[in-house]
Every structure is written in C-alpha cells, then in structure tokens.
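# Observations on chain architecture
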Amino acid sequence: MSGLFSNVFLTALLFGAVTAAIPLLLAGLGEQMSEKAGVLNIGIEGMMISGAYLGFVGAYYSGSFGVGFLTGALGGIAVAALMALLCVRIGLNQIVIGIALTLGLEGLTALLHHFQFSRSYPRLPAVPITEIPLLADIPILGPALFKHHLIVYFSVAMVLVMIWVYRRSQLGLNLQAAGDKPAALDVAGIDVIRTRTIAVLFTGTMAGLGGAFLANVGAGLFIPFITNGAGFLGIVLAMLARGRPVWVLVGALIFGMCLSLTTAAQVAGINVPTDVIQMLPFLAVMVMLVLFGRRASLPAALGIPYERGAR
Amino acid sequence: MEPINEGPQTGQAIVTLEGVTKRFPGIIANDQIDLEISAGEVHVLLGENGAGKSTLIGMLSGLQQPDGGRILVDGVETAIRSPSHALSLGIGTVFQHNMLVPTLTVAENLALGGPWWQRPKIAELAARVAEIARPLGIEINLGARVSELSLGQQQQVEIVRALLRESRLLILDEATSMLTPQGIAELGALMRRLVERGLAVVFITHKLGEAADFGDRVSILKLGRKVGEIPPERLRKLERAALVDEIVDKMFGRQAGDDAVSIPPRAANDDVLLEVRDLSVPATADMPGLEAISFTIGKGEILGVAGIDGNGQKELAEALAGQRPAAGGSVRLGGQSLDDLEVGARRRKGLRYLTDDRLGEGTVGPFPVSINYFLKQIGEPPLWRSGIERSREIESRARSLTHLYDVRTPALSTPVGRLSGGNIQKVLIARELAEGAKAVIFNKPTYGLDLANTLATRQRIRDIAGEGLAVLLISTDLEELLSMCHRIVVISQGRLVGTVTNGPGAGEKVGRLMIGLAA
C-alpha cells in the first residue's frame, strides 16, 4: 500500500484532478450565467461535444492548440446561437430544445468523425506546458498544479472575472434581473431578450472551450460521445453553486478528484474493480445533491421564456 | 438644491386625453375618455373592477396603444410607444404589482438600466437618492435587499425610482391595495408633498374614502366611460358627506335602462336550505382568509355575494364546496351537517359548485363534451360497469343533456375546450344540476360571456331558484346581483360587512358597503 501515498502517486492524482476539473469548471461557469439570466441551458452537453469535435479538428489540421481552442469555442457558440434563437427569441421550450440539441450534436459529431477518420482515432501530440516560475518547484503540488497548458490558468482566472461581473458590473445586475424578474428589467429599459442572448452565447463559448479541452488536452484525441455527461455535470455544479462562481470551482475540483481517482487507483495497482471506481464521480454527484441540493435556490424566472406584457 | 426638474407651473396640463377609446375583442374598455392631468394636482381615477382604469393607465405608460382619440403631452399630440418612451416623456408608473427584483438590493434595483459595460454608479446614486428622498420624508436603505422590505417600503423605492428618472407625472396604480392603514396614510402624505413640488400624480383606486381624502380632482369611471369629474374648486367646497353622496350616485346611481330588473318571485317560506355559521379559513400569503362568515339561504332564494374581486369570494365558494379546509364553523344543508364531508360527499348531498375557472378546474379541455357531462361520475354505474365505459348509455344521456341545456356543440365527441365560453358554462351547469342538486354556488357565472349567453345563464339561474333550490351567486358585477338576487351580502377582506335586501335603493347601499362605508 506504500504506493498509494508516494509523491509520484499524489502528484499524478492532483494533476489528473485538475485536468478532469477544467472542462467541468468551464461548463459550470458557462451554465451559471445562463441560469442567472433565466435560461435553463440543457443544450450545454451539445455545445461541449460540438466544441470537442471542432476543437480537435482545428488542432489536428493546424497543428496548433491555440487554433484548436478557438475553433472549439466557435463550435460551442454556433450551437448556442441556435439555442438562443429558438429558446430566447422565439420562446420555445428550453428543456425540449436543449435535449434535441444535445442528441442531435452527439449524432452529428459522431457521423462527421466517421466520415473523416473512418475507424481510426488519430492522436494529437502532447500539449505544450507553461510552467509558473517558482510555484512549479514546490514539491508534489508544484508539478500537479503549476505545470499546465495556458487554458487551465485562463479557466481559473475566469472564476475571478465572473465574481467581478456578478458583484460589481452593471451586466451582472442585468443578468440577475433577467432571471429573477425580467419584467422589471424590461421596464428599466433594458432588452431582456438581448441580455439572455448574451448569457447563452457566453455559455456556448465556455462549453466549447471545455469540450475542446476534454478532447485535446484530457484525451489527446476525439472519440464520439467523448463528453460523456460532462455538460450535465456542469448543470449540476451551476445549480449547487447558487450563483457563486467560487463554488463552481470547488465543485469542479471535487468531481475532478473523483474522476482522477479512477485512473490513479489503476496506476497504483489497487485491487478494486474498475466499475466501482468509475462510479465515484456520479456517487459524488448524488451525495452532493442530497447534502446541498435542497438549499439550491434557482432564479424565479428560470426556464420561462420572456414575453412583454404577459404575467 | 432642486431635485425635480424645472418644475412646471401648477395647474398647467402635462397630459391631456381627448376622446381616447380602446377596444378589446367584444368589449370597449375605454369609450371616448377626456381627461386632463395637471401639474400640482392629485388626480384620482375612481371606479369599480372593469371600469377601465387599468386600460387607461396601460395607454399612458406605453403598454397599450389607443384605438381612437389622441393623447397630448405638453400640448403636443404624442403616441406613447413603449414603457421606456413613456419614461423619457416624464411619465413614471408605479404598477400594482411591483417591478423590483427581489434578490437585488435597493441600490442595485435603482441602478438597473444603466449601460451594461459600466460599473453601477452606486455612490453617485446614493447622493441623488438622498437629495430626492429627504425633502419627501422618505427613508431609503440602499443596502437592504428588496425582499426584506415591507410592501410600503418597496412602493416608496419605486416612487423614488420614478423621480430619479425625472418623472413629472407619477401614476400610482391601485397603490393602496396591499398597504396597511398606516402605510396608506403615509402614502397620502407623500402624494401631497409630491404635488407641492410641482408634480402631477394620478392615483387609481376603487376606495371612495381615499379619493375624498387624497384627491384634488376626482374623475369617476364606470364601464369604460367617464361618468363624472369633480374639479378642485368644488372638491374643496363640498362637505365630505355631500361629496360621498355625489360620488356614490355617479358610481352606482341608476341610469336609464337599469329598470329592467326582474327579481324572480319567491313564494313566502321559512325553509332554510343552506346554513353557514362562523365559517373561517386561515389567510395565506396571497389571499385573505375568511372570518366568521354566517348566512342562510332559503328554499328558492338567490343570495348574492358582492365585493371587489379578491376579497375572499373564491375562498368562500371553495370552503363551502369542501375544496378548501375550513378552520372552524359549520355548514348545514337541509339540516344535515356537511362539516366532515369531502368534496364528493358534499356533492352527493346536493351541494354543487360552479367554478369561475371553467376550463382549468371545471372541465377537461381535451375530453369530449359527452365525458365532461359525467366527469364526476366516472367509474360509477350505470355509465360505467366494472370499470368499463358504456358508451351507448353515455351517448344517449349526453344527447338529452345537450338538448335540454341547449349546448351548441358540433358533436358530442368534440373536445369541450373548443367550445365557446358560454357553451362550456352550459356543460358545467348541466353537469352540476344533474340528479339531486339542492343548493348551487355560482362563482362569477357570466364572467367573460357574451350578452346572449349572459342573459341565458341569468335566466337559468332564476329558473333554478324557481324550482326551489338555494342559490349562492358570487359576482363582481353589481348590476347582475341587483337584477337577480333576493338579498345581497357584501364581502370585504374575507368578512361579510353587511346584508342588503334587494329593492329600491339597494344598489347604493351595496355600493357604499363595497367601498368601505356603512350602509
């Protein structure tokens, strides 16, 4: 059992946790903004898979991870634009459209991948690492936390940005009003539809980046259905976080740790059936929902399309 | 320090309405309304439900557009296109249901509407709020979350918000309906201070006392028309009692054509059929409870329940029908206690309830007309046997009911939701009067019906009473009650505040009770 607590094992565990947490963090932060603005964005899973596929294709053909993240984000935005059109502007049912987008894009990306690569799954080269000077030299924690691709630092920095937006900016007020009392926002002279559209497009960007990260950094390749519920975990995170970006980060790290344990335990050669270990993240979801789910407070107008004059 | 902009001359018209007309399908909500709203005046719009007050406000605040006539702002004809356009013209509205985001603080609510890329200018805001609120005697805690404020405080925040946007005309829509008596007095004083500073205030209410206490000018609306206006000079001169008499006369006074009243004849008898004693229902957040409701209805009698909508009428009907648990009191039908009985059992005893929510609660829209006749007998013989529907039996009974109650439906299999409101009402009546009805509760039976169906329904109710049933008729339409009932009780805030025997002068007595005056 000594292997369990060796430095190498702990570093691998933490490194894996961060890598697994980043897509969830991006998805959770994105979903959080949609929900704040009153749009229950079930289509986020579809936005992620779109980002994963286009992100992979971009990185594969250009040879640049930067281009990959750009195309990934665009892939998420494209799906989000469709969602915004159907659910925010036209006012169709957000749950139905969200599920349709998710299922549709899972199928579409699998199909396109099959056309392009047949049954082969080409790999990307190892992702370039940016070390943070000094911090990266800390034993165990250094290599685990401070030797990552730039996008990882960007994602964590986004937590601070979101805190600022929600606490300090006019946009934050508008978003919250759009979710809690859209009529009040409308009377104040701000376009509710536009505010919600901005939120959904932001969700698409973040989900697209998360999907691209999952494929390009996490796995190094694209396989159909690679997101495997990461978007839905993002929805759970956003709901549990009750509008606080920090809690999305905490939740993402907890889930990331569970996911990482799955691999790390195998590396350490612990004799537990892998099926049991693979259950961990979902067990963690259930435990967290039981513990905190009841206190989750959602915006009053969540899921309700806005129509002027309708009460 | 002059927080309110230039300050127009007192008495100068800010907004003038000329022959403004607004039609909705089947109804003229505003018919040729002339109105002048002047700086330095509290202009009270007084009227019952459906008098057209809300529509008028909707047009002033940019939510609706008039179909005829014109609106002049500062003497210039102006189409008020949207709420934000109204604001830019200096017309601020405080709606009956507040427009604040409960999860934000007061300051954040006031900052709402700024450019999205900016930081909310809370400090600047605080200075301006203090400048506006202090002379008006309002205390505003900018850091408090709106959900923690009382309704009166929330209203003050909304008034301050309107002033922050440099409103010259402030519209207060049913502003007192949610306030405590003290809150109402404070609002009255605040309105006085506002007009002293040169603003115009339009104050909408259905309470006569408030009109007399707070108004400089009173306009009275009735059924979409303006039926009277009392200018400031007369208002000041009139004694309060004389003023009240004049307004009551205009609001409820009989007019030509009102004489077509036919109270159904009723053979003298002392048989009490429905007896309610001290019925009470606890209040909840959004509805008043019922307190010590007592009345009796005799055989063949129609007892009307008058009152402004939302004063416990629906709760009363539901408590009687057994749909809402009562906290105390007793209900007896034909001498038998119904207190411990469930909805179905009360129905079988002969107590029937026709809801005002015909499609939501009364019928199942997608089900065929035929099944809707027997909704409350599903599974029971003879129409069902061992759980299996006997369609031939249902069909033949449905056909005879359709004929008997003159339901105009393309076929018995037509979904009931496709029928007109009047025909749905007939289906409901047919169902509820079937087999052994003794006492029938009607909640707003003609609401939303066209004239022909209204008259048919009223005649049906008279016939029912003529057959010796007891009828409780709940309506917000006073004319309707006066044209049908033997006696009328008035409900206010969940209590019965008086009983009036129908006859000459009854309308005024009921009207006085409705607006909070002793008969």
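Residues numbered from 1 in each chain as written. Chains lettered and ligands numbered in written order. Predicted model: local features only at pLDDT ≥ 70, side-chain atom pairs only at ≥ 80, totals over all residues.

Here we come to the overall build of chain A. On a plain count of helices and strands, chain A comes out with 12 helices and 2 strands. Going from N to C terminus, chain A has its helices and strands arranged as α-α-α-α-β-α-β-α-α-α-α-α-α-α. Radius of gyration (C-alpha) of chain A: 20 Å, near the 19 Å computed for a compact globule of 311 residues. For chain A, the proportion of its 311 residues judged to be buried stands at 52%. A separation threshold of at least 6 residues defines the contact pool for chain A, and within that pool the share at least 24 residues apart is 77%. (Helix = DSSP H or I, 4+ residues; strand = E, 2+ residues; numbered from the N terminus. Rg over C-alpha atoms; globule rule 2.2 N^0.38 Å. Buried ≥ 20, exposed ≤ 12 C-beta atoms within 10 Å, placed from the backbone. Contact = placed C-beta atoms within 7 Å.)

What follows deals with helix α3 (residues 65-89) of chain A. Each α-helix turn comprises 3.6 residues. Residues three or four places apart therefore point the same way. The terminal C-alpha atoms of α3(A), which comprises 25 residues, lie 34 Å apart, in line with the 36 Å expected from a rise of 1.5 Å per residue. Phi turns positive one or two residues past the end of α3(A), at A:G91, with a value near 80°. (Expected span 1.5 Å × (residues − 1).)

What follows deals with the sheet that holds strand β9 (residues 217-222) of chain B. All names here are of chain B. Pairing within the open sheet is mixed, and its 6 strands lie in the order β6-β7-β8-β3-β9-β10. At either end of the open sheet lies a strand with only one pairing partner, and these are β6 (91-94) and β10 (225-230). On average, adjacent strands in this sheet sit at an angle of 20° to one another, irrespective of strand direction. Strand direction decides the pairing type here: β9 and β10, joined by 5 bridges, are antiparallel. Paired with I220 across the bridge in β10 is G228. Sheet contacts for helix α9 (residues 240-252): β3 (42-46), β9 and β10; angle to β9, the most-contacted strand, approximately 25°. (Pairing = 2+ DSSP bridges. Axes fitted to C-alpha atoms, helices over the stretch in contact; angles between N-to-C directions.)

Bringing the packing of helix α7 (residues 170-180) of chain A against helix α9 (residues 192-219) of chain A into the picture now. All names here are of chain A. At a closest axis distance of 10 Å, the pairing of α7 and α9 adopts a crossing angle of 110°. Here α7 lies roughly perpendicular to α9, going by the angle between them. Contacts from N174, L175 and A178 of α7 reach α9 at V192, T195, R196 and A199. Looking at the contact of α7 with α9 residue by residue, the class counts come to 4 nonpolar, 2 polar and 1 charged. (Parallel < 35°, antiparallel > 145°, perpendicular 65-115°, else oblique. Nonpolar A, V, L, I, M, F, W, Y, C, P; charged D, E, K, R; others polar.)

As a general rule, the predicted coordinates of low-pLDDT regions are not to be interpreted in detail. Residues and elements named next belong to chain B. Looking at chain B as a whole, the pLDDT averages 83, with 92% of positions reaching at least 70. Taken element by element, the predicted model of chain B shows its lowest mean pLDDT in α9 (78) and its highest in strand β20 (residues 470-474) (93). Confidence drops under pLDDT 50 across residues 1-8; counting only partners more than four residues distant or on other chains, this segment forms 13 contacts. Every residue in residues 255-260 scores below 50 in pLDDT, and together they form 0 contacts with partners more than four places removed in sequence or on other chains. (pLDDT = per-residue confidence, 0-100.)

Right, let's get into the interface of chain B and chain A. On the side of chain A, 18 residues touch chain B, which itself brings 20 residues to the contact. Breaking the side of chain B that touches chain A down by element, the ones donating at least two residues are α2 (83-88) and α3 (106-111) of chain B. In terms of residue count, the dominant contributor to the side of chain B that touches chain A is α2(B) (3 residues). Tallied by class, residues from the side of chain B that touches chain A come to 13 nonpolar, 5 polar and 2 charged.

Looking now at the pairing of strand β19 (residues 439-443) of chain B. Residue and element names in this part refer to chain B. Among the 5 residues that make up β19, 5 are buried, leaving the element largely enclosed by the rest of the structure. Side chains of β19 alternate between two faces, with A439, I441 and N443 and V440 and F442 buried alike. Looking at chain direction, strand β16 (residues 351-354) and β19 are connected through 4 bridges and run parallel. Of the residues in β19, the one forming a bridge with L354 is F442. Here β19 pairs with β20 via 5 bridges, running parallel. Looking at β20, one finds that I441 is bridged to L472.

Let's shift gears to the sheet that holds strand β15 (residues 336-337) of chain B. All names here are of chain B. A sheet is described by the order of its strands in space; here 4 strands give the open sequence β12-β11-β14-β15, paired in antiparallel fashion. Since the sheet does not close on itself, it has two edges, and those belong to β12 (290-298) and β15, each with one partner. Taken together, the 6 bridges between strand β11 (residues 272-281) and β12 define a ladder with antiparallel strand orientation. Bridge pairing in β12 places E275 opposite T296. Helix α10 (residues 313-321) rests against β11, β12 and β14 (328-333) of the sheet, and its axis sits at about 65° to β12.

This part is about unusual backbone geometry. All names here are of chain A. A positive phi angle, near 45°, is found at N228, a position not held by glycine. Tracing the sequence through the fold places N228 in the loop between α9 and α10 (230-241). One non-glycine residue, R242, lies in positive phi territory at about 50°. Following the sequence through the fold, R242 ends up in the loop between α10 and α11 (245-268). Judged by the 14 C-beta atoms lying within 10 Å of it, R242 is partly exposed.

Taken domain by domain, chain B comprises domain 1 (13-95 + 169-252), domain 2 (263-350 + 437-519) and domain 3 (360-435). Spacing between the C-alpha centres of domain 1 of chain B and domain 3 of chain B amounts to 46 Å. (Domains from an automatic or database assignment.)

On average, residues of chain A score 88 in pLDDT, and 96% of them are at 70 or above. Between the elements of chain A, mean pLDDT differs from a low of 78, seen in helix α12 (residues 274-292) of chain A, to a high of 96, seen in helix α2 (residues 44-62) of chain A.

Counting residues in hydrophobic clusters, the biggest one holds 234 residues, and the most contacted among them are A:A52, A:A184, B:V201, B:F203, B:V471 and B:L473. The leading source of residues in this core is α9(A), at 14 residues. If sequence neighbours within four positions are ignored, A:A184 has contacts with A:A177, B:M99, B:L100, B:V101 and B:L112. (Core = buried A, V, L, I, M, F, W, Y, C linked by C-beta atoms within 7 Å.)

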